[in-house]
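These are the residues of each chain, in order.
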Amino acid sequence: ERGSLKAGHRWWHAVFILSLVSLVACIITLWAPYPIGARMPSSEVAKTPWSNGCIGVETCICPRETICADDLLSMIFLTIARASAWFDYPLYMLLFLSKCSNLNNFLQSTAARVWINFSDSHKVHS
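Here is a short report on the structure shown in this document. (Residues numbered from 1 in each chain as written. Predicted model: local features only at pLDDT ≥ 70, side-chain atom pairs only at ≥ 80, totals over all residues. Heavy atoms only, no water.)

### Describing helix H1 (residues 12–31)
Residues separated by three or four positions in an α-helix point in the same direction, a consequence of the helix having 3.6 residues per turn. Note the cut-off: Numbering goes from the N terminus for both helices and strands, where a helix is a DSSP run of H or I of at least four residues and a strand is a run of E of at least two. Any helix carries an expected span of 1.5 Å times its number of residues minus one. Only protein chains enter the accessibility calculation, which uses a 1.4 Å probe. A residue is then buried if its area is under 20% of the maximum for its type, exposed if over 50%, and partly exposed in between. To be clear, the arc concerns the directions from the helix axis to the C-beta atoms. We call two residues contacting when some pair of their heavy atoms lies within 4.5 Å.
Across its 20 residues, H1 extends 28 Å between first and last C-alpha, which sits within 8% of the 28 Å expected from 1.5 Å per residue. Within H1 the residues assigned to the buried category are Val 15, Ser 19, Ser 22, Cys 26 and Leu 30. Each buried residue of H1 sits inside an arc of 70° when the element is viewed along its axis, so together they form one side. Residues of H1 that are exposed and point over 90 degrees away from its buried face: Ile 17 and Val 21. As for H1, its buried residues are in contact with strand E1 (39–41), strand E2 (59–64) and helix H3 (72–98).

Take a look at the structure:
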């Protein structure tokens, strides 16, 4: 099969790059200061009803009650948990899109079929 997925095509590099972009977006939304991200100074966190302020650090990640990392260890674990989930989002989207039969049939009629063989999507997953 000339159009099948081969190791030489390296189509998965694009998926990896999308995953890295998603990972960077997660880190920015967590660690950037408040208008852009979720990191706030201890004085602002202390005004919220669910926290007394940051413990041992000047700023912490505490945008809402269910996600309030007010010490360094909690911020590190929150970053690891959210970053691993955000990194996987493009992979989940690829899995979902490749298993949709109607979408697969549509994609066979687009220019993307030059790089990816949509006729046998099962090979993508095996």
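The rest of the description comes next.
### Considering the packing of aromatic side chains
Filter applied, for reference: When the centres of two rings from Phe, Tyr and Trp lie within 6.5 Å, Trp using its six-membered ring, the rings pair. Their planes under 30 degrees apart give stacked, over 60 give edge-to-face, and anything left gives tilted.
Here the structure, examined in full by the defined rule, presents two aromatic pairs. Relative to Phe 87, the ring of Phe 16 lies with its centre 6.0 Å away and its plane at 75°, an arrangement referred to as edge-to-face. Of this pair, Phe 16 sits in helix H1 while Phe 87 sits in helix H3, and the two are 71 residues apart along the sequence. Summarising the aromatic geometry, the rings of Trp 86 and Tyr 89 are spaced 6.5 Å apart at their centres and angled 40° between planes, so their arrangement reads as tilted. Here Tyr 89 and Trp 86 lie together in helix H3, a separation of three residues that amounts to about one turn. By relative accessible area, which is 40% here, Tyr 89 ends up partly exposed.

### A short note on the state of the cysteines
Should the sulfur atoms of two cysteines be covalently bonded, the bond is a disulfide. Filter applied, for reference: We call a pair of cysteine sulfur atoms a disulfide when they lie within 2.5 Å.
Overall, the coordinates contain two disulfides when judged by the stated rule. Paired through a disulfide, Cys 62 and Cys 68 show a sulfur-sulfur distance of 1.8 Å. Residues Cys 62 and Cys 68 are joined through a disulfide that is left-handed, its torsion about the S-S bond being -95°. On the accessibility criterion, Cys 68 (25% relative accessible area) is partly exposed. Within the protein chain, bonded cysteines paired by disulfides and numbered along the sequence follow the pattern 1-2, 3-4.

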